[in-house]
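One letter stands for each residue in the lines below.
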Amino acid sequence: DGDDAAGHVARGVGGEQRGGAAEQQRAAEVLRGLGFVVDEVGAACGDAARLKLSRSLFMKGLEALVVEFRAAIAPLAGREVVLASIERNVGAQFMSFCRMLIETDRRHASRRANELAEAVTIFGAPGRPLSVARASIDVLKSAAAAWTAADAPPVSAGADALAAYLSASAEGGGRAAR
């Protein structure tokens, strides 16, 4: 039903999706052979999609936090000290993941904002406002809008350049403001 940047595939099982259990098992074997992790997550149609959307509440919110933070500190002299301090707390692998979030945001912010909005619609309820997720939608939409500008750096520009561009865009000017 969906895949993510880590190469995982979530799928439902049972006759309601893509043929039957035998066809799904063969598909799972092929995907595993290609290096994907395949999780069987439920018999009802939509089970895998709901789990994928629940994951979006976390992952897209994390992306928005990282993108907003990196844009905020982009003009800060000494930001490397802050990033190194954070890395000592969360580890190099997590910081590498954060860089990947910024770099992939350049291409996927709009789609991810829409997926997060769908997740908020599904999981929001009275008493569960999902305030962080709702704010994250706005962050991702703002980034997506910035990436459409003619002077937006290419996808290959790297996390630092992308964060600097978002920072300058937030201050009212694209690349020229840097």
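Calculation rules
- Residues numbered from 1 in each chain as written.
- Predicted model: local features only at pLDDT ≥ 70, side-chain atom pairs only at ≥ 80, totals over all residues.
- Heavy atoms only, no water.
- Core = buried A, V, L, I, M, F, W, Y, C linked by side-chain atoms within 4.5 Å.
- Buried < 20%, exposed > 50% of the residue type's maximum accessible area, 1.4 Å probe, protein only.
- Helix = DSSP H or I, 4+ residues; strand = E, 2+ residues; numbered from the N terminus.
- Contact = heavy atoms within 4.5 Å.
- Expected span 1.5 Å × (residues − 1).
- Salt bridge = Lys/Arg side-chain N within 4 Å of Asp/Glu carboxyl O.

### Quick word on the nonpolar core
- Formed by 17 residues in total, the largest nonpolar core has its most connected members in Val66, Ile102, Ala143, Trp147 and Leu166.
- The set of elements that each furnish at least two residues to this core consists of α2 (47–73), α4 (92–123), α5 (131–147) and α6 (159–170).
- Contacts of Val66, omitting those with residues within four sequence positions, involve Cys98, Leu101 and Ile102.
- Grouped together as the second largest cluster of nonpolar side chains are 9 residues, Ala64, Ala113, Val120 and Val139 included.

### Observations regarding helix α1 (residues 21–33)
- Helix length check: α1, at 13 residues, gives a terminal C-alpha distance of 18 Å against a target of 18 Å (1.5 Å per residue), a fit within 8%.
- Directly beyond the C-terminal end of α1, a positive phi value near 100° is found at Gly35.

### A word on the pattern of salt bridges
- Here the structure, examined in full by the defined rule, presents 5 salt bridges.
- For the salt bridge of Asp47 with Arg50, the shortest nitrogen-to-oxygen distance reads 2.9 Å. Note that Asp47 and Arg50 are positioned in helix α2 at a spacing of 3 residues, about one turn of the helix.
- Residue Asp47 is classed as buried on the basis of its relative accessible area of 18%.
- Residue class for Arg50 comes out partly exposed when judged on its relative accessible area of 41%.
- Residue Arg70 is joined to Asp160 by a salt bridge in which the shortest nitrogen-to-oxygen separation is 2.3 Å. Of this pair, Arg70 sits in helix α2 while Asp160 is found in helix α6, placing the two residues 90 residues apart along the sequence.
- In this structure Arg70 comes out as buried when scored by relative accessible area, which is 8%.
- Judged by relative accessible area, Asp160 falls into the partly exposed class, the value being 46%.
- A network of salt bridges, in which partner residues are shared, links Lys60, Arg111 and Glu115.

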